[in-house]
Amino acid sequence: MREYVAINTAAGAVIFLVSLLIVRLAKHFGKHLSIYKVFGILDVIWGIMVLITAVIEFVTPGGDLHGLFGTVVLLIFEPGVILFLLADILLYRMQSKKK
């Protein structure tokens, strides 16, 4: 269980850092982007990439362990993607109510 949390925390941290980089680059070019929206979009893209990887692994012919990697990837990363997206939506709504 600790490994599951550590892997998803690392993935979430990478998504957050990339979101910060995108927001700062946009600010440098004179655009204003919401960190919440950028994080949400990157989180959805990450979830779709994981899903595509799992589906490709499911449909490619293999040996005895056919489909195992796709199952593991789905079981580890997709719940994290959903939790990060829910947390992002909740934080966005809490911040928008304060304004």
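Here the focus is the overall build of the protein chain. Scanning the protein chain for helices and strands turns up three helices and zero strands. Written out in order from the N terminus, the α and β elements of the protein chain read α-α-α. Against the compact-globule benchmark of 13 Å for 99 residues, the protein chain has a radius of gyration of 16 Å, which places it well outside the compact range. Residue burial in the protein chain is summarised as follows: out of 99 residues, 24% are buried. Restricting the contact set of the protein chain to residue pairs at least 6 apart, pairs at least 24 apart contribute 56%.

Before going further, it helps to spend a moment on the packing of aromatic side chains. Within this structure, the stated rule accounts for three aromatic pairs. Ring geometry for Trp46 and Phe77: centres 5.5 Å apart, planes at 85°, overall edge-to-face. With Trp46 in helix H2 (residues 35-59) and Phe77 in helix H3 (residues 68-98), the pair connects residues that are 31 residues apart, well separated along the chain. According to the relative accessible area criterion, Phe77 is buried, its value standing at 18%.

The next point concerns H3. Spanning 31 residues, H3 covers 46 Å between terminal C-alpha atoms, matching the ideal 45 Å at 1.5 Å per step. Along H3, the sharpest change in direction is near 30° and occurs at Leu74. Along H3, the positions that sit buried rather than exposed are Gly70, Val73, Phe77, Glu78, Gly80, Val81 and Asp88.

Here the focus is the side chain of Asp88. Relative to the helices and strands, Asp88 resides in helix H3. The residues contacting Asp88, other than those within four sequence positions of it, are Tyr36, Phe39 and Gly40.

Turning to the packing of helix H1 (residues 2-28) against H2, a few remarks are in order. Two numbers describe how H1 lies on H2: the axes approach to 9 Å, and their chain directions differ by 130°. Comparing their axes, H2 and H1 come out oblique. For the crossing formed where H1 meets H2, the hand is right-handed. Of the residues in H2, those in contact with Ala11, Gly12, Ile15, Phe16, Val18, Ser19, Leu20, Ile22 and Val23 of H1 are Ile35, Val38, Phe39, Leu42, Asp43 and Trp46. The residue inventory of the contact of H1 with H2, partitioned by class, reads twelve nonpolar, two polar and one charged.

Taking 1.5 Å of rise per residue, the 27 residues of H1 would be expected to cover 39 Å, and the 38 Å separating its terminal C-alpha atoms lies within 8% of that figure. Where H1 is concerned, the buried positions are Asn8, Ala11, Gly12, Ile15, Ser19, Val23 and Ala26. Looking at the buried side of H1, the elements it contacts are H2 and H3. One or two residues past the end of H1 sits Gly30, with phi positive at roughly 90°.

Looking at the secondary structure, you find Ile35 in helix H2. In this structure Ile35 touches Phe16, Ser19, Leu20 and Val23, once residues within four positions along its chain are discounted.

The rules behind each value
- Residues numbered from 1 in each chain as written.
- Predicted model: local features only at pLDDT ≥ 70, side-chain atom pairs only at ≥ 80, totals over all residues.
- Heavy atoms only, no water.
- Helix = DSSP H or I, 4+ residues; strand = E, 2+ residues; numbered from the N terminus.
- Rg over C-alpha atoms; globule rule 2.2 N^0.38 Å.
- Buried < 20%, exposed > 50% of the residue type's maximum accessible area, 1.4 Å probe, protein only.
- Contact = heavy atoms within 4.5 Å.
- Phe/Tyr/Trp six-rings, centres within 6.5 Å; stacked < 30°, edge-to-face > 60°.
- Expected span 1.5 Å × (residues − 1).
- Bend = angle between axes of the 7 residues up to and from the residue.
- Axes fitted to C-alpha atoms, helices over the stretch in contact; angles between N-to-C directions.
- Parallel < 35°, antiparallel > 145°, perpendicular 65-115°, else oblique.
- Left-handed = near helix turned anticlockwise from the far one by under 90°.
- Nonpolar A, V, L, I, M, F, W, Y, C, P; charged D, E, K, R; others polar.

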